[in-house]
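Analysis of the macromolecular model
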Amino acid sequence: MDIDYGKCWDTSKKSWKSTLILAYQSLGVVYGDLSISPLYVYKSTFAEDIHHSETNEEIFGVLSFVFWTLTLVPLFKYVFIVLRADDNGEGGTFALYSLICRHAKVSLLPNRQVADEALSTYKLEHPPETKNSSRVKLLLEKHKFLHTALLILVLLGTCMVIGDGLLTPAISVFSAVSGLELSMSRDHHQYAVIPITCFILVCLFALQHYGTHRVGFCFAPIVLIWLLCISALGLYNIIHWNPLVYKALSPCYMVKFLKKTRKGGWMSLGGILLCITGSEAMFADLGHFSYSAIQIAFTFLVYPALILAYMGQAAFLSKHHHTIHKIGFYVSVPDCVRWPVLVIAILASVVGSQAIISGTFSIINQSQSLGCFPRVKVVHTSAKIHGQIYIPEINWILMILCVAVTIGFRDTKHMGNASGLAVMAVMLVTTCLTSLVIILCWNKPPILALGFLLLFGSIELLYFSASVIKFLEGAWLPILLALFLVTVMFVWHYATVKKYEYDLHNKVSLEWLLALGPSLGITRVPGIGLVFTDLTSGIPANFSRFVTNLPAYHRILVFVCVKSVPVPFVPPAERYLVGRVGPAAHRSYRCIVRYGYRDVHQDVDSFESELVSRLADFIRYDWYKTHGVIDEDDGSRSGASSGECRLTVIGTLAFSGTAAFELEDNVQPASVSVGFPTAESVTDVIEMQPVERRVRFAIDNESEVDSREEMDAQLQEELEDLYAAQQAGTAFVLGHSHVKAKQGSSMLKRLAINYGYNFLRRNCRGADVSLKVPPASLLEVGMVYIV
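Residues numbered from 1 in each chain as written. Predicted model: local features only at pLDDT ≥ 70, side-chain atom pairs only at ≥ 80, totals over all residues. Heavy atoms only, no water.

Quick look at the overall build of the protein now. Check the secondary structure of the protein and you find 25 helices and 13 strands. Out of the 787 residues belonging to the protein, those deemed buried represent 59%. The long-range fraction of contacts in the protein, counting pairs at least 24 apart against all pairs at least 6 apart in sequence, stands at 84%. As presented, the protein carries roughly 31600 Å² of accessible surface, and 62% of it is formed by carbon and sulfur atoms. (Helix = DSSP H or I, 4+ residues; strand = E, 2+ residues; numbered from the N terminus. Buried < 20%, exposed > 50% of the residue type's maximum accessible area, 1.4 Å probe, protein only. Contact = heavy atoms within 4.5 Å. Areas by Shrake-Rupley, 256 points an atom, 1.4 Å probe, with all protein chains shown as cover.)

All right, on to the packing of helix α7 (residues 144-177) against helix α18 (residues 476-505) then. Closest axis-to-axis distance for the α7/α18 pair is 8 Å, and the angle between their directions is 130°. As the angle between them shows, α7 and α18 are arranged oblique. At the point where α7 passes α18, the crossing takes the right-handed sense. Here α7 contributes T148, L151, I152, L155, L156, T158, C159, M160, I162, G163, L166 and L167 to the contact with α18, which in turn contributes L477, P478, L481, A482, L485, V486, M489, F490 and H493. (Axes fitted to C-alpha atoms, helices over the stretch in contact; angles between N-to-C directions. Parallel < 35°, antiparallel > 145°, perpendicular 65-115°, else oblique. Left-handed = near helix turned anticlockwise from the far one by under 90°.)

Here the focus is the packing of aromatic side chains. Going through the model one piece at a time under the given rule, you end up with 22 aromatic pairs. Geometrically, the ring pair formed by F60 and Y253 is edge-to-face, given 5.8 Å between the ring centres and 85° between the ring planes. Of this pair, F60 sits in helix α4 (residues 57-79) while Y253 sits in helix α10 (residues 252-261), and the two are 193 residues apart along the sequence. The aromatic ring of Y253 is capped on one face by K256, whose charged end is 4.9 Å from the ring centroid. (Phe/Tyr/Trp six-rings, centres within 6.5 Å; stacked < 30°, edge-to-face > 60°. Lys NZ or Arg CZ within 6 Å of the ring centre and 35° of its normal.)

Attention now goes to the pattern of salt bridges. Opposite charge on two side chains allows them to pair when their charged atoms are near. One pass over the structure, following the stated rule, counts 15 salt bridges. Ionic pairing is found between K77 and E460, a salt bridge with its closest N-O pair at 2.6 Å. Taken together, the positions of K77 in helix α4 and E460 in helix α17 (residues 446-468) put the pair 383 residues apart, joining distant regions of the chain. On the basis of relative accessibility, which here comes to 0%, the residue E460 falls in the buried class. Notably, a salt bridge pairs D617 with R614, separated by 2.7 Å at the nearest N-O pair. Of this pair, D617 and R614 are both found in helix α21 (residues 604-626), 3 residues apart, which corresponds to roughly one turn of the helix. Across this residue pair, the class does not change: D617 and R614 are buried. (Salt bridge = Lys/Arg side-chain N within 4 Å of Asp/Glu carboxyl O.)

Turning our attention to the confidence of the model for the protein. Mean pLDDT over the protein: 80, with 81% of residues reaching 70 or higher. Low confidence marks residues 653-699, where pLDDT is under 50. Its contacts with residues over four positions away, or in another chain, come to 126 contacts. (pLDDT = per-residue confidence, 0-100.)

Attention now goes to the side chain of R587. Relative to the assigned elements, R587 resides in the loop between β5 (576-580) and β6 (588-596). A polar atom in the side chain of R587 sits 2.7 Å from the backbone oxygen of A584. Those residues in contact with R587 that lie beyond four places of it in its chain are R524, R555, I556, L557, E717, E718 and D721. (Polar contact = N/O pair within 3.5 Å; in protein donor to acceptor, adjacent residues only side chain to side chain.)

The next point concerns the environment of V193. Here V193 shows up in helix α8 (residues 186-206). In sequence terms V193 and A176 are 17 residues apart; their C-alpha atoms lie 9.6 Å from each other. In contact with V193, not counting residues within four places along its chain, are F174, V177 and S178.

Bringing α10 into the picture now. Along α10, the residues classified as buried are M254, F257 and T261. One side of α10 carries all its buried residues, which in axial view fall inside an arc of 60°. In this structure, the buried side of α10 is in contact with α4 and α11 (263-272). (Arc of directions from axis to C-beta.)

It is worth spelling out the environment of L166 at this point. Tracing the sequence through the fold places L166 in helix α7. Distance from L166 to I397, taken between C-alpha atoms, is 9.2 Å for residues 231 residues apart in sequence.

The next point concerns the packing of α11 against α17. At a minimum axis distance of 8 Å, the contact between α11 and α17 shows a crossing angle of 100°. In terms of their interaxial angle, α11 and α17 are classed as roughly perpendicular. Contacts between α11 and α17 involve W266, M267, L269, G270 and I272 from the first element and L462, Y463, S465, A466 and S467 from the second.

What follows deals with the pairing of strand β3 (residues 523-532). Where β3 and strand β4 (residues 552-565) come together, 8 bridges link them in parallel fashion. Counted as the bridge partner of F532 is V560 from β4. In this structure, β3 lies alongside strand β12 (residues 730-740), joined through 4 bridges in parallel fashion. Within β12, the position partnered with I528 by the bridge is T730. (Pairing = 2+ DSSP bridges.)

The subject of this paragraph is the side chain of S35. Mapped onto the elements, S35 comes out in helix α2 (residues 32-35). Here G32 takes part through its backbone oxygen, which lies 3.0 Å from a polar atom of the side chain of S35. Ignoring any residue separated from it by four or fewer positions in sequence, one finds S35 in contact with V223, W226, L227, I230 and L306.

With that out of the way, let us pick up the state of the cysteines. Here is the idea: a disulfide is a covalent bond, and it sits between the sulfur atoms of two cysteines. Tallied over the full model, the rule gives 0 disulfides. Considering cysteine sulfurs only, C402 is the nearest to C198, which forms no disulfide, with 8.6 Å between them. The class for C198 is buried, based on a relative accessible area of 13%. (Disulfide = S-S within 2.5 Å.)

Turning our attention to helix α1 (residues 16-29). The end-to-end C-alpha distance of α1 is 20 Å, a good match for the 20 Å that 14 residues give at a rise of 1.5 Å each. Every buried residue of α1 is accounted for by T19, L22, A23, Q25, S26, L27, G28 and V29. (Expected span 1.5 Å × (residues − 1).)

This part takes up the pairing of β12. Here β12 pairs with strand β13 (residues 778-786) via 9 bridges, running parallel. Bridge assignment links L734 to a residue of β13, and that residue is E780.

Moving on, we get to a nonpolar patch on the surface. On the surface, I447, L448, L450, L453 and L454 cluster together into a nonpolar patch covering about 480 Å² of accessible area. Structurally, the position occupied by I447 is in helix α17. What makes I447 exposed here is its relative accessible area of 65%. (Patch = residues over 30% accessible without salt bridge, like charges linked within 9 Å, V, L, I, M, F, W, Y side chains within 5 Å.)

Once that is clear, we can look at unusual backbone geometry. One non-glycine residue, R262, lies in the positive phi region at around 50°. Considering the arrangement of structural elements, one finds R262 in the loop between α10 and α11.

Shown next, in the form of structure tokens:
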């Protein structure tokens, strides 16, 4: 299925009503995690490193840190800057990476084509390049090690998001359920919190298959009630206990705090930083909603509610020094409303966990599409709204690990240390990548990007250092998890690139294909043979092995390359690149099917019929061009090899306009739209050529009546062969690969390729499962790759 990709980010056409509805829905998906941080920030901060004293300098200093951290990071950095660095409406670490790769040649991904740059979602309008931005671009493009370093940085950020998706549900639900300690004896509380937390977590992950859209509408009222609840409690505590608490918002209190507490105060920053957990979800989940919706929800509701909540807790604690050993959210809640608040808090913690789980699904899907993660099943839970996905394998693995963390740590302190380090690592990666976007994509002066990096990077480094120092107290978990995941992702990406390079060096010449015939004992059998390959040109080695072992191939032969392009969406009208392989009589074609990293892949039935339809359109177009209906002043043809036609974009958009007109295009690559009166459904054909050219169309109006009579016999025969082959059946020829390291390779490479990659390949979804190929139509060709 092809979802209407434009609806997910084209906010300029949305009414205010739609934007406000999205803003409301974002509460349940994006802001759940951020909004429940008051449950555990003060408790984690005062856990061990510092203690609340009669002077209130500690509590006021912490409040000042919380206020300025919330203001500078989520509000200024994310809402006003980072959210603007979207990739056609998509956010997250890989969105930033794909944006950078399109503006500078730093990508390590294979099979890129010049024609990809002509996609409407690829080309972006930006100010002209400055001299300094060009220098930075040249520096990045020149050094290969910088390309690898950039990819590893992106993979690290991705892994920390996954780690956050594991830790946030545990600490959120555990902190909410811990409110039972004020209403139960210590013995009962000790044995009740862990089972209740684990039960809630299992239920949360079991709900994920319903999809973000349904969960968002279900959860949004809970977060709204929670935000109103903590705002009301905050106002009550401020007015009733200490109306002068607003003075603590002054930055002077941060200085006083650090002067008094010294090393203990610095180490306590690992608890303070938890106030911004969930900020990354605003960017990661951007594709689910819109920039305006997320900005409105945070600026006018979430941010004020959080500030009031933290101020209210500080006001209460400033007058209750006897609670020194019971600092937490629930001590500031009046007894008469404690139980209702406890219920709302538990529900809100479940919603908070949903935000980061959705972000985890999104970023794994992006990394998989760009060849940096083993293939897993991605279920698109909405037929109308893009970006709303569910990944069963990841969901259940996260659930098991989340329950294990809850049982293993059993306290907020260790969970907070682990979660805080993961959060700050993701934010540091986002800051570094956004700095590159400011220079390369926005073409701003490097001094501006450096200022952004120094301002926000220094804040995040300060918090990160306070988290790392607690390595043995829980911070080891996200580091260990990130090292494991980075290794898996890098090995998968490395082997994928090496396989492509092997295919590229071992592809067969076109002359070999054309020489195959009865004289060599090769026969053509009825039907369509779809040979899947990663190559965008040439004949893949797996096809030569197929013919060698089975001396026959299909009457219609199509070399199909399903590739991902570093853009979030490829419009359906620009998806298929089609061309001939050899002369028309050979009935061989090449078809490149391009998907963005957030596109929904078609199932095999719709793909097969769509492919045949696009081939038929290409045949008609090629006939028109050959017979002079379309006259090109520049007759140059760009192909991968001699004998291969230039690839043509065959789309499905309706053609409107006069039958005969002249188009002069001075911008490369040129785009030409042609209407075919002989086609059953009018289509667009867009031909790419990276040179300036003038094209003249001369379609006779009377051809609409006589087109069938005037159609060349060769065209009729070719179309009849295509449809007859479709009726005879389609076979899918896929390579079944085994990868081995070359003799003499290092021990590390042999371990990574021979054991690591092959283990992952055997235990992840195969290409036939990903493409949904029916087993009866599958022909697998064994291939050994020596890389």
